[in-house]
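# Descriptive analysis of the structure
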Amino acid sequence: MIQNVRLEGYSQQLIFFPVDNTKSRGDDIIMSVMKLIEMTVLTSNHVNIELPLQWLGLLDQILVLNKPFLTKCEVERYSKILDMSHIEMVSMLSLFNEMGILMWHEEDNLSDVVILDAVKYFVEPMAIVICNHKLSGNSYSAYHNNVLHGYCKQHYFTEYHRMVSKGVVCDYLLCVLLQSCGDQYNQVIELMIKYGFI
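Residues numbered from 1 in each chain as written. Predicted model: local features only at pLDDT ≥ 70, side-chain atom pairs only at ≥ 80, totals over all residues. Heavy atoms only, no water.

Looking at where Glu-76 falls in the secondary structure, it is placed in helix 4 (residues 72-81). No salt bridge forms around the buried Glu-76; measuring N to O, its nearest opposite-charge neighbour Lys-80 is 4.9 Å away. In this structure, Glu-76 is in contact with His-86 and Met-89, ignoring residues within four places of it in sequence. (Helix = DSSP H or I, 4+ residues; strand = E, 2+ residues; numbered from the N terminus. Buried < 20%, exposed > 50% of the residue type's maximum accessible area, 1.4 Å probe, protein only. Lys, Arg positive; Asp, Glu negative; His and termini not counted. Salt bridge = Lys/Arg side-chain N within 4 Å of Asp/Glu carboxyl O. Contact = heavy atoms within 4.5 Å.)

Written out as structure tokens, the structure reads:
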């Protein structure tokens, strides 16, 4: 966490930056935040690291496919075209994961998938399960409802009600709600567990 250690007018160290949003760049605090972020970024290891041209070539090849994910075997096929070893490919995936360019985890249950579009692969399916299932007042703006919710309400009323009222979901309800994940269902569940969503 970045801590605000030099804030004029305050005697104690703060873990936030009090900002006057009306001043924009005229606010000294905003300028100090910007400088601190820039300094932090410039001193980060992955910003200053030199990358092999093969890594960037492989990244270009897989991103141009415009797919939400590839299997590790598919990425390995592309890496062999560029004469990359398995160890180099794994190092590349680890670094690009750290940099937020793609998602790849070395855990056994997740290592076979390289996620290129986390929103399509993970966030959209997860939002079917974790969303506002109830109307509050007359407001529809934050209310999330789709065909699968209606199906679950009709066919699994007790289980669906328990999910929306108590936050407890059973396996077969998850299977219905996450059916768009297809053969990636188990990996999406593993990611939801890994990041504390279920």
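What follows concerns the side chain of Lys-72. In this structure, Lys-72 sits in helix 4. Lacking a salt bridge, the buried Lys-72 has Asp-112 as its closest oppositely charged neighbour, with an N-O distance of 5.4 Å. Not counting the four nearest positions on each side in its chain, Lys-72 is found in contact with His-86, Met-89, Val-90, Trp-104, Ser-111, Asp-112, Val-113 and Val-114.

Another point: the nonpolar core. Counting 25 residues, the largest nonpolar core has Tyr-121, Phe-122, Val-129, Leu-177, Leu-178, Leu-191 and Met-192 as the members making the most contacts within it. Taken together, the elements giving at least two residues each to this core come down to strand 2 (113-115), helix 6 (118-129), helix 7 (147-155), helix 8 (157-166), helix 9 (171-177) and helix 10 (185-194). In contact with Tyr-121, not counting residues within four places along its chain, are Pro-68, Phe-69, Val-113, Ile-115, Gln-184, Gln-187, Val-188 and Leu-191. With 17 residues, the next largest nonpolar core counts Trp-55, Val-75, Met-84 and Leu-95 among its residues. (Core = buried A, V, L, I, M, F, W, Y, C linked by side-chain atoms within 4.5 Å.)

If you check helix 1 (residues 28-42), its first and last C-alpha atoms are 21 Å apart, about what 15 residues at 1.5 Å a residue would give, namely 21 Å. Those residues of helix 1 lying buried are Ile-29, Ile-30 and Val-33. With its buried residues spanning 100° around the axis, helix 1 presents them on a single face. Seen from the open side of helix 1, the exposed residues pointing more than 90 degrees away from its buried face are Asp-28, Lys-35 and Glu-38. (Expected span 1.5 Å × (residues − 1). Arc of directions from axis to C-beta.)

Turning next to unusual backbone geometry. A positive phi is found at Asn-66, a non-glycine position, where the angle reads about 55°. With respect to the helices and strands, the residue Asn-66 is situated in the loop between helix 3 (53-63) and strand 1 (69-71). One non-glycine residue, Asp-83, lies in the positive phi region at around 60°. Within the fold, Asp-83 resides in the loop between helix 4 and helix 5 (86-99). On the accessibility criterion, Asp-83 (66% relative accessible area) is exposed.

Glancing now at the packing of aromatic side chains. Taken as a whole, this structure holds 6 aromatic pairs when the rule is applied. Ring geometry for Tyr-156 versus Tyr-172: centroids 5.5 Å apart, planes at 55°, classification tilted. Of the two residues, Tyr-156 is situated in the loop between helix 7 and helix 8 and Tyr-172 in helix 9; the sequence distance between them amounts to 16 residues. Residue class for Tyr-156 comes out partly exposed when judged on its relative accessible area of 23%. Look at Tyr-172 and you get partly exposed, because its relative accessible area is 41%. Each member of the aromatic cluster is reached from another via a ring pair, and the members are Phe-122, Tyr-195 and Phe-197. A cation sits over an aromatic face here: Lys-194 above Tyr-195, 5.9 Å from the ring centre. (Phe/Tyr/Trp six-rings, centres within 6.5 Å; stacked < 30°, edge-to-face > 60°. Lys NZ or Arg CZ within 6 Å of the ring centre and 35° of its normal.)

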